[in-house]
Amino acid sequence: MFTISIKEVTATSRHYVDRLFDPDPLKVLQGVIDMKNAVIGNNKQKANLIVLGAVPRLLYLLQQSSSSLRLRSECAVVLGSLAMGTENNIKSLVDCHIIPTLLQGLLCQDLIFIEACLRCLRTVFISPVTPVQLLYTDPAVIPRLMSLLGSSQRTQEYITQIFSHCCKTPEHQTVLFNHGAIQNIAPLLISPSYKVRMQALKCFSVLAHENTQVSMTLVNVLVDGELLTQVFVKMMQRDQPVEMQLTAAKCLTYMCRAGAIRTDDGCIVLKTLPCLVRMCSKEHLLEERVEGAETLAYLMEPDVELQRIASTTDHLVSMLADYFKYPSSVSAITDIKRLDYDLKHAHELRQAAFKLYASLGSNDEDIRKKITETENMMDRIVSGLSESSIKVRLAAVRCLHSLSRSVQQLRTSFHDHAVWKPLMKLLQNAPDEVLVMASSTLCNLLLEFSPSKEPILESGVIELLCSLTQSDSPALRVNGIWALMNMAFQADQKVKVEIVRCLGTEQLFRLLSDPDTNVLMKTLGLLRNLLSTRPHIDQIMSSHGKQIMQAVTLILEAEHSVEVKEQTLCILANVADGNTAKALIMTNDDVLQKVKYYMGHSNVKLQLAATFCISNLIWNEEDGSQERQDKLREMGFVDILHKLTQASDPNLSDRAKTALQQYLA
């Protein structure tokens, strides 16, 4: 038995590299051919040749117009083989500027050489370590690739594969679209070569993803006299390879989500949705089940009708429960490599199942009930919240958020499984996207009818929520303040005082001038909930009245939406309902003039809110009502109330009549 030392391997590798420098071109060609045969399937040899500097020499020979076309093509083949090795090999090749060199090679007129360059480029570009931007650096490259699409089946396969791997951003989609990708690639969908059809299909799926312009164009494309959507439908038939069915379903899904196909169109309801549900069944490979479930979740996310149809198709809800039992101990997988892959990727199945459950249950109460009643579902979500994979945690919390929209579930399964505990733990130090979902869910758990509200309050959640309101992310600020708003609703004085103390008046007023309208609306909502019931109104206004009145004035003066101004006037109406707090409005003529202005506003909602405020100020049975009535009469409020009794809106005229009765009593 012979053992070969590392020295000998390196020596033979060096021999291959040395031959590339031979003055005789024929010997160089033979050296390249021998190198090609030596590296096939031999990663060790590939790494050695790269270390010994073969790549710059091969690229040099490939670029020389004095080199024969045969030599240049063989160099491209060897480089392609070196690229087939490890990610480190690809990094070394990219560092040697292989991409611009090969792209330059595409200007040659020889088809065999062009195909060799494209094959190597394809191998380099499909690696995750290659910066795809390198395809777009030279503006002449994309048009050149488009023009080569008609040259041969090989160029079609390699170029479409390069496009589908290098189209990662809306900008990339636009560049390809503007250079005629749709017209040039559509005919390839009926190519005699399966590989070409498949790569062309993949191109359309990445071009259409979240892209209205592309999707709207695709709807009207004809391929050999047939609408493109019909071509996709045929590709989803059961007799087609699974990869083709799935990719065609993705194309139609993306077109539907971009608004180019209606959600009730037959090609979605009768073809795409059933095809994706089919992909979730156990007989498919793990990655097919993952992709099927994730695509289906995306398809029906905004549409309750599709959610209802899916929930009753092929027992989907219980079929997804199998995603958590995989691979089972009695798994029929005999291929050890496959088993190893599946064990490493089983978490992707759980993530996909959570995503699909979240989408299924986002609107319909019956579907949510069906999901929570699926075996051990709540336990699975709870354990998903603490999995090591961040993607699984995010998907589990999305699922929980979807189910937390149900009053019924908040009262039952959420309470039974003390879901709030792992949720609070998740909020301690999670990335922003998890925090957004987890805090949204927490908002629902803090609604007044949720039995989890009490234990959450006792767990010291106020500090956590106050810290969220200081986040740079508007979504987190909204959720922090929203949760506090829910917490303050009909809360004890103790809780309200704690919220004000913990948030601090400075932060409260910073939030009242937040550039994000949602943050402003929720802060006003919090303030309105804090200022409810008289003792609470008087206590908060006695300590923070001046600042609150200042903030209210600023909002009523600024350019804000009707909703914002209505909330602000409602806060004033609450202040006007206090015993001692009333004085803060009555002694502030500026605020009274603003209320008067809004009573005469063109928007009924603002008129109503302003009239409410006046009504509370002049209410008879309270101390000092006479003086307040007199002052407001002098300021012309009674005249306005008389006018409002004639208002066309019945609520407004009733409110004005009720207010006027206070003067008559």
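Residues numbered from 1 in each chain as written. Predicted model: local features only at pLDDT ≥ 70, side-chain atom pairs only at ≥ 80, totals over all residues. Heavy atoms only, no water.

Quick notes on the overall build of the protein chain
A count of helical and extended segments in the protein chain gives 42 helices and two strands. Expressed as lengths along the three principal axes of its C-alpha atoms, the size of the protein chain is roughly 115 × 55 × 55 Å. Per-residue burial for the protein chain yields a buried fraction of 55% across its 665 residues. A separation threshold of at least 6 residues defines the contact pool for the protein chain, and within that pool the share at least 24 residues apart is 67%. Looking at the protein chain, you have 67 positive and 71 negative side-chain charges, and the mean spots of the two groups are 5 Å apart. (Helix = DSSP H or I, 4+ residues; strand = E, 2+ residues; numbered from the N terminus. Buried < 20%, exposed > 50% of the residue type's maximum accessible area, 1.4 Å probe, protein only. Contact = heavy atoms within 4.5 Å. Lys, Arg positive; Asp, Glu negative; His and termini not counted. Charge placed at Lys NZ, Arg CZ, Asp CG, Glu CD.)

Focus on the packing of helix H31 (residues 474-488) against helix H32 (residues 493-503)
Between H31 and H32, the least distance of the axes is 10 Å, while the angle of their chain directions is 155°. One way to sum up the angle between H31 and H32 is to call them roughly antiparallel. When the axes of H31 and H32 are compared, the crossing they make is left-handed. Residues Ile481, Leu484, Met487 and Ala488 of H31 form the contact with H32, whose participating residues are Val495, Lys496, Ile499 and Leu503. (Axes fitted to C-alpha atoms, helices over the stretch in contact; angles between N-to-C directions. Parallel < 35°, antiparallel > 145°, perpendicular 65-115°, else oblique. Left-handed = near helix turned anticlockwise from the far one by under 90°.)

Some details on the UniProt feature "repeat: ARM" (unreviewed entry) in the protein chain
Mapped onto this structure's residue numbering, the UniProt feature "repeat: ARM" (unreviewed entry) falls at residues 53-89 and 503-545. A distance of 12 Å separates the end C-alpha atoms of residues 53-89, which is 76% helix and 0% strand. Within residues 503-545, the helical portion is 79% and the strand portion 0%, while the C-alpha atoms at the span's ends are 16 Å from each other. (UniProt positions renumbered as here; feature names shortened; annotations may be inferred.)

Brief notes about unusual backbone geometry
With a phi close to 65°, His97 is a non-glycine residue in the positive phi region. Examined against the element boundaries, His97 turns out to sit in the loop between helix H6 (87-95) and helix H7 (98-105). Residue His97 is classed as exposed on the basis of its relative accessible area, which comes to 52%. If you check the backbone angles, Asp314 has positive phi at about 50° while not being a glycine. Structurally, Asp314 can be placed in the loop between helix H19 (304-311) and helix H20 (316-321).

Here's the deal with the environment of Leu111
By the secondary structure assignment, Leu111 is in helix H8 (residues 111-125). Considering only alpha carbons, one finds Leu111 and Leu148, 37 residues apart in sequence, at a separation of 9.5 Å.

Brief notes about the side chain of Ser311
Checked against the element boundaries, Ser311 lands in helix H19. Residue class for Ser311 comes out buried when judged on its relative accessible area of 6%. At 2.8 Å, the side chain of Ser311 forms a polar contact with the backbone oxygen of Arg308. In this view, Ser311 contacts Val317, Leu360, Ile367 and Lys370; residues no more than four positions away in its chain are not counted. (Polar contact = N/O pair within 3.5 Å; in protein donor to acceptor, adjacent residues only side chain to side chain.)

Comments concerning the nonpolar core
As a rule of thumb, soluble globular proteins bury nonpolar side chains together. Ranked by internal contacts, the top residues of the largest apolar core, which has 237 residues, are Leu135, Phe232 and Leu360. Not counting residues within four places of it along the chain, the set of residues in contact with Leu135 comprises Leu103, Phe125, Val141, Ile142, Leu145, Ile162, Phe163 and Cys166. (Core = buried A, V, L, I, M, F, W, Y, C linked by side-chain atoms within 4.5 Å.)

Re the packing of aromatic side chains
Scanning the model with the defined rule gives four aromatic pairs in all. With centroids separated by 6.3 Å and ring planes inclined at 65°, the aromatic side chains of Phe204 and Phe232 adopt a geometry described as edge-to-face. Here Phe204, found in helix H13 (residues 194-208), pairs with Phe232, found in helix H15 (residues 228-235); they are 28 residues apart in sequence, far enough to count as distant. Assigned by exposure class, Phe204 and Phe232 land together as buried. In this arrangement the basic side chain of Arg72 is found over the ring face of Phe113, its NZ or CZ atom lying 4.7 Å from the centre. The positively charged end of Arg655 is found above the aromatic ring belonging to Phe612, 4.1 Å away from the centroid. (Phe/Tyr/Trp six-rings, centres within 6.5 Å; stacked < 30°, edge-to-face > 60°. Lys NZ or Arg CZ within 6 Å of the ring centre and 35° of its normal.)

Comments concerning the environment of Gly292
The topology assignment puts Gly292 in helix H18 (residues 286-300). Among the residues examined, Gly292 registers a relative accessible area of 0% and is labelled buried. In contact with Gly292, other than residues within four places in its own chain, are Leu246, Leu276, Met279 and Cys280.

Structural notes on the pattern of salt bridges
Inspection of the entire model under this criterion finds 28 salt bridges. Between Lys355 and Glu294 there is a salt bridge, and its shortest N-O distance comes to 3.2 Å. Taken as a pair, Lys355 in helix H21 (residues 336-360) and Glu294 in helix H18 lie far apart in primary sequence, 61 residues in all. Glu294 sits in the partly exposed class, given a relative accessible area of 26%. With its nearest N and O atoms 3.9 Å apart, the salt bridge here joins Arg398 to Glu301. A residue pair is termed long-range when its members are at least 10 positions apart, and Arg398 in helix H24 (residues 390-403) and Glu301 in the loop between H18 and H19 qualify at 97 residues. Overall, the relative accessible area of 25% leaves Arg398 in the partly exposed class. What you see here is one network of salt bridges that share partners, running through Lys282, Asp322, Lys325 and Glu375. (Salt bridge = Lys/Arg side-chain N within 4 Å of Asp/Glu carboxyl O.)

Structural notes on helix H10 (residues 153-166)
Its 14 residues place the ends of H10 20 Å apart at the C-alpha level, agreeing with the 20 Å of an ideal helix rising 1.5 Å per residue. Most of H10 sits out of view: 11 of its 14 residues are buried. Every buried residue of H10 is accounted for by Thr155, Gln156, Glu157, Tyr158, Ile159, Thr160, Gln161, Ile162, Phe163, Ser164 and Cys166. Check the buried side of H10 and you find it contacts H8, helix H9 (141-148), helix H11 (170-178), helix H12 (181-185) and H13. (Expected span 1.5 Å × (residues − 1).)

Points about H15
Structurally, the α-helix is built with 3.6 residues per turn, so residues lying three or four positions apart point the same way. Within H15, six of the eight residues are buried, which leaves the element mostly enclosed by the surrounding structure. Restricting attention to buried positions, one finds in H15 the residues Leu228, Thr229, Val231, Phe232, Val233 and Met235. Where H15 is buried, its residues contact H13, helix H14 (212-218), strand E1 (222-223), strand E2 (226-227), helix H16 (242-257) and helix H17 (266-279).

Here's the deal with the environment of Lys325
Inspection of the secondary structure assignment puts Lys325 in the loop between H20 and H21. If sequence neighbours within four positions are ignored, Lys325 has contacts with Glu375 and Arg380. Polar side-chain contacts of Lys325 include one of 3.0 Å to the side chain of Glu375.

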